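Chains, contacts and geometry: an overview
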Amino acid sequence: MLETKMTLLIKRTFQAPRERVFAAWTQADALKQWWGTEGHTVPSAEMDLRVGGKYRVEMRTDEGESFYLNGAFVEIRPPERLVFTFRWERGDWDYPETRVSIDFYDEGDETAVVLTHEGFPDENMRDEHQGGWDECLDNLREYLEG
């Protein structure tokens with residue numbers, strides 16, 4: 001039997017040049033300023049920005065609990081496309097490795113971002129990540145435009 005995997009697709013437009021939007025995703029110091037959801041901070045982020053290079057992002061709750069997101073870069077085409085694997089390191093989650101592709105398009109003075117997150121085993125996990133990505137992208141808008 002063929003196993004079906006769920007995919008999430010989000011498009012957002014930012015009032016910033018494509019190079020700056022791409023840099024916000026690929027520079028650890030920038031990522032720490034906007035990544036995450038309400039009630040979380042990002043005290044550390046490590047990135048080896050090359051195909052096959054790894055990244056690891058620490059997220060810390062307001063209560064002080066840390067957990068991590070990690071993966072490897074699959075494709076890097078500045079400032080057009082970024083593809084990476086995505087896996088949570090958290091003992092109480094059984095989280096599969098998924099894949100995130102981000103395409104960056106010039107739209108006049110703005111940049112359109114198309115995020116595709118694929119490989120979810122079910123709709124529930126996909127929908128939970130929809131909320132997380134929406135918050136992250138709202139934070140990215142504030143970082144870029146604020």
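For the structure, see preceding data.
Reference entry: report on the structure contained in this document. (Residues numbered from 1 in each chain as written. Predicted model: local features only at pLDDT ≥ 70, side-chain atom pairs only at ≥ 80, totals over all residues. Heavy atoms only, no water.)

Moving on to a negative patch on the surface. Taken together, the side chains of Glu38, Asp62, Glu63 and Glu135 present a region of like negative charge at the surface. Along the chain, the position of Glu135 falls in helix H3 (residues 123–145). In this structure Glu135 comes out as partly exposed when scored by relative accessible area, which is 31%. (Patch = residues over 30% accessible without salt bridge, like charges linked within 9 Å, V, L, I, M, F, W, Y side chains within 5 Å. Areas by Shrake-Rupley, 256 points an atom, 1.4 Å probe, with all protein chains shown as cover. Salt bridge = Lys/Arg side-chain N within 4 Å of Asp/Glu carboxyl O. Lys, Arg positive; Asp, Glu negative; His and termini not counted. Charge placed at Lys NZ, Arg CZ, Asp CG, Glu CD. Helix = DSSP H or I, 4+ residues; strand = E, 2+ residues; numbered from the N terminus. Buried < 20%, exposed > 50% of the residue type's maximum accessible area, 1.4 Å probe, protein only.)

What follows concerns the nonpolar core. Soluble, globular proteins show a tendency: their nonpolar side chains are buried together. Core analysis: the largest hydrophobic core is formed by 39 residues, its most contacted members being Trp25, Trp35, Phe86 and Trp133. It is H3 that contributes the most residues to this core, 6 residues altogether. Residues within four places of Trp25 in sequence aside, it is in contact with Leu31, Trp34, Trp35, Met47, Leu82, Ile102, Phe104, Leu115, Trp133, Leu137 and Leu140. (Core = buried A, V, L, I, M, F, W, Y, C linked by side-chain atoms within 4.5 Å. Contact = heavy atoms within 4.5 Å.)

What follows deals with unusual backbone geometry. Between Pro78 and the following residue, Pro79, the backbone shows a cis peptide bond with an omega angle of -15 degrees. Within the secondary structure, Pro79 is located in the loop between strand S4 (66–77) and strand S5 (81–89).

For H3, which comprises 23 residues, the first-to-last C-alpha distance of 32 Å matches the rise-based estimate of 33 Å (1.5 Å per residue) to within 8%. Along H3, the positions that sit buried rather than exposed are Met125, His129, Trp133, Cys136, Leu137, Leu140 and Leu144. By the N-cap criterion, in which a side-chain oxygen at the helix start approaches the backbone nitrogen of a residue two or three places on, H3 is capped by Asp122, the distance to Asn124 being 3.2 Å. (Expected span 1.5 Å × (residues − 1). Polar contact = N/O pair within 3.5 Å; in protein donor to acceptor, adjacent residues only side chain to side chain.)

Right, let's get into the pairing of strand S1 (residues 6–14). Covered by surrounding structure in S1 are Met6, Leu8, Ile10, Arg12 and Phe14 only, the residues Thr7, Leu9, Lys11 and Thr13 on the alternate face being uncovered. Note that S1 and strand S7 (residues 110–120) share 9 bridges and pair antiparallel. Residue pairing across strands places Leu9 opposite Thr116, the latter belonging to S7. (Pairing = 2+ DSSP bridges.)

Let us now look at the layout of surface pockets. One number sums up the size of the largest pocket: a volume of about 340 Å³. Taken together, 16 residues make up the lining of the largest pocket; nearest its centre are Trp88, Trp93, Glu128, His129 and Gly132. Those elements that provide at least two residues to the lining of the largest pocket are S5 and H3. Looking at the lining of the largest pocket element by element, the count peaks at 6 residues for H3. Classifying every residue of the lining of the largest pocket gives 10 nonpolar, 4 polar and 2 charged. (1 Å grid on protein atoms, 1.4 Å probe; cavity = no way out; pocket = protein on both sides within 12 Å on 5 of 7 lines; lining within 4 Å. Points joined across faces, edges and corners; volume = space filled by probe spheres on them. Nonpolar A, V, L, I, M, F, W, Y, C, P; charged D, E, K, R; others polar.)

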